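# Per-entry structural report
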Amino acid sequence: MKKDHAKKRYIGKIIVAFLFGAAIMAFIRYISYGGMNSGTQVNNEEFLKVAEEIDDIAIPENVKIFALGEATHGNKEFQELKLDLFRNTSLQLL
């Protein structure tokens, strides 16, 4: 009876050690890819060369379909920007 209990404890320790090792390896892999970082930082000067103010964006009169894609998903700021853009452009179309 004692041998069975000792064997179960030993197997339990091996499982815990394995899970702990797997968690450490996953964490190291996560950190090696930048963690929560979005990758390399963009050059703001380069971005400002092509950026436009929402009020400066004009839709040609012959446009029938207006769409805006997004590079990120779940980004609150982008959703707010998209809403502002649709509000401004919808007023142009009316």
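Residues numbered from 1 in each chain as written. Predicted model: local features only at pLDDT ≥ 70, side-chain atom pairs only at ≥ 80, totals over all residues. Heavy atoms only, no water.

Turning our eyes to something else, we now look at the overall build of the protein chain. Helix and strand counts for the protein chain stand at three helices and zero strands. In sequence order, the protein chain lays out its α and β elements as α-α-α. A burial count over the protein chain gives 7% of its 94 residues as buried. In the form shown here, the protein chain has an accessible surface area of approximately 9100 Å², with 63% of it arising from carbon and sulfur atoms. (Helix = DSSP H or I, 4+ residues; strand = E, 2+ residues; numbered from the N terminus. Buried < 20%, exposed > 50% of the residue type's maximum accessible area, 1.4 Å probe, protein only. Areas by Shrake-Rupley, 256 points an atom, 1.4 Å probe, with all protein chains shown as cover.)

Attention now moves to a nonpolar patch on the surface. Taken together, the side chains of Tyr 10, Ile 11, Ile 14, Ile 15, Phe 18 and Leu 19 make up a nonpolar region of the molecular surface, amounting to roughly 650 Å² of accessible area. Note on placement: Phe 18 falls in helix α1 (residues 2-32). (Patch = residues over 30% accessible without salt bridge, like charges linked within 9 Å, V, L, I, M, F, W, Y side chains within 5 Å. Salt bridge = Lys/Arg side-chain N within 4 Å of Asp/Glu carboxyl O.)

The next point concerns α1. For α1, spanning 31 residues, the distance from its first C-alpha to its last is 45 Å, which sits close to the expected 45 Å at 1.5 Å a residue. Sparse coverage of α1 is indicated by the burial of zero of its 31 residues. (Expected span 1.5 Å × (residues − 1).)

It is worth spelling out the pattern of salt bridges at this point. Tallied over the entire structure, the rule returns one salt bridge. The partner of Arg 87 in a salt bridge is Asp 84, and the shortest N-O contact between them spans 4.0 Å. With Arg 87 and Asp 84 both in helix α3 (residues 76-93) and three residues apart, this pair spans about one turn of that helix.

Turning to a negative patch on the surface, a few remarks are in order. Residues Glu 52, Glu 53, Asp 55 and Asp 56 make up a contiguous surface patch of negative charge. The residue Glu 52 is located in the loop between α2 (44-50) and α3 in this model. Exposure remark for Glu 52: the relative accessible area of 55% places this residue in the exposed category. (Lys, Arg positive; Asp, Glu negative; His and termini not counted. Charge placed at Lys NZ, Arg CZ, Asp CG, Glu CD.)

Our focus in this paragraph is the confidence of the model for the protein chain. With 80% of its residues at a pLDDT of at least 70, the protein chain reaches an overall mean of 78. Averaged pLDDT values over the elements of the protein chain bottom out at 77 in α3 and peak at 87 in α1. (pLDDT = per-residue confidence, 0-100.)

For Ser 90, the position within the fold is in helix α3. Given a relative accessible area of 35%, Ser 90 falls into the partly exposed group. Between the C-alpha atoms of Ser 90 and Phe 66, which are 24 residues apart in sequence, the distance is 9.6 Å.

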